[in-house]
Amino acid sequence: MPSYFPVDGEVSGLNVRGARSEIGNCSLRSIAFHNNHIGYPFSLNERSVIRDVSIHKCAHWACSAYGTLFEDVSVADIRGGGRAMSFLWGCVFSRVTLRGWISGVLVRWQVDSNDLEFSKRFLAKNLAIYRSIEWALDITQAQFSFVECLYGVPSHLVRINPDRHFVLTRSSAERMLQRSDVWKICADGLLETNMESVVVVVGGRGAKLKEGLASALKLREEGLFV
């Protein structure tokens, strides 16, 4: 799958403030979107919604979404990030499919990295919503650009390819705290959420991907990854 593809045109400066805003019923193809933001939710019960959106062969950088519900969204081949990653903070996913090359997007469970107490209450609300969701993410055909932990998303609601996607449980994370590698970072992040497990994806291309997969498969053999 190609990691570079040309784009023409751009969408920038979109700034959705407050909550209860809805964006949807659109398709974006072969464009760049950057510096677009969906604002911070003011309460546990209010959030913006992105629904019925398709993104294909696009570039992105410096975008963010806070506490947003993504529903019936399809993303195929996106590149970007670099020194200006795009972040999904405390978001909920329902029937979101990722395919092809997925680069430069970071999933974080905190809705506010400066307010841990509110973030934990918001996570609890998200998990309550997930109880009525059939499946959250389908990444079976996705290749990520780097190691990614899908914090805040219940692992049993993520459709994965077990050849390059893994599940880290809380008990295994507790056994990995003495490590000094990327897997220790994954373990720390899971334990911070108080969730029972998290999906871990191995990313990169070529030698980087081969090395990451070999390390993850070894952990699976040791019973630390599912």
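Just above sits the structure.
Residues numbered from 1 in each chain as written. Predicted model: local features only at pLDDT ≥ 70, side-chain atom pairs only at ≥ 80, totals over all residues. Heavy atoms only, no water.

Quick word on the side chain of serine 145
Mapping serine 145 onto the fold places it in the loop between β12 (137-144) and β13 (148-149). Not counting residues up to four positions away in its chain, the partners in contact with serine 145 are Trp101, Ile102, Ser103, Gly104, Gly203, Gly204 and Lys208. (Helix = DSSP H or I, 4+ residues; strand = E, 2+ residues; numbered from the N terminus. Contact = heavy atoms within 4.5 Å.)

A word on the environment of glutamine 178
The residue glutamine 178 is located in the loop between α2 (170-175) and α3 (182-193) in this model. For the pair glutamine 178 and aspartate 115, spaced 63 residues apart in sequence, the C-alpha separation works out to 27 Å.

Notes on the nonpolar core
Among the nonpolar cores identified, the biggest contains 39 residues, and Phe70, Leu88, Phe93, Leu98, Tyr130, Leu137 and Ile139 are the most heavily contacted of them. Secondary-structure elements contributing two or more residues to this core are β6 (49-61), β8 (69-80), β10 (92-102), β11 (105-108), β12 and β16 (197-201). Not counting residues within four places of it along the chain, the set of residues in contact with tyrosine 130 comprises Cys91, Val92, Phe93, Ala136, Gly152, Val153, Pro154 and Leu157. Cys149, Val198, Val200 and Leu213 belong to the second-largest nonpolar core, a separate cluster that totals 23 residues. (Core = buried A, V, L, I, M, F, W, Y, C linked by side-chain atoms within 4.5 Å. Buried < 20%, exposed > 50% of the residue type's maximum accessible area, 1.4 Å probe, protein only.)

Points about unusual backbone geometry
Notably, aspartate 52 is not glycine yet its phi reads approximately 60°, a positive angle. Mapped onto the elements, aspartate 52 comes out in strand β6. The partly exposed category is assigned to aspartate 52, whose relative accessible area is 43%. Positive phi values are uncommon outside glycine, yet arginine 95 reaches one of about 55°.

A look at the side chain of arginine 79
Tracing the sequence through the fold places arginine 79 in strand β8. Here arginine 79 occupies a buried position and makes no salt bridge, while the nearest side chain of opposite charge, aspartate 77, is found at 9.9 Å. Beyond its immediate stretch of four places on either side in the chain, arginine 79 contacts Ser3, Tyr4, Phe5, Pro6, Val7, Cys58, Ala59, His60, Trp101 and Ser103. (Lys, Arg positive; Asp, Glu negative; His and termini not counted. Salt bridge = Lys/Arg side-chain N within 4 Å of Asp/Glu carboxyl O.)

Details of the pattern of salt bridges
Overall, the coordinates contain 7 salt bridges when judged by the stated rule. A single network of salt bridges, built from pairs that share partners, joins Glu22, Arg51 and Glu71.

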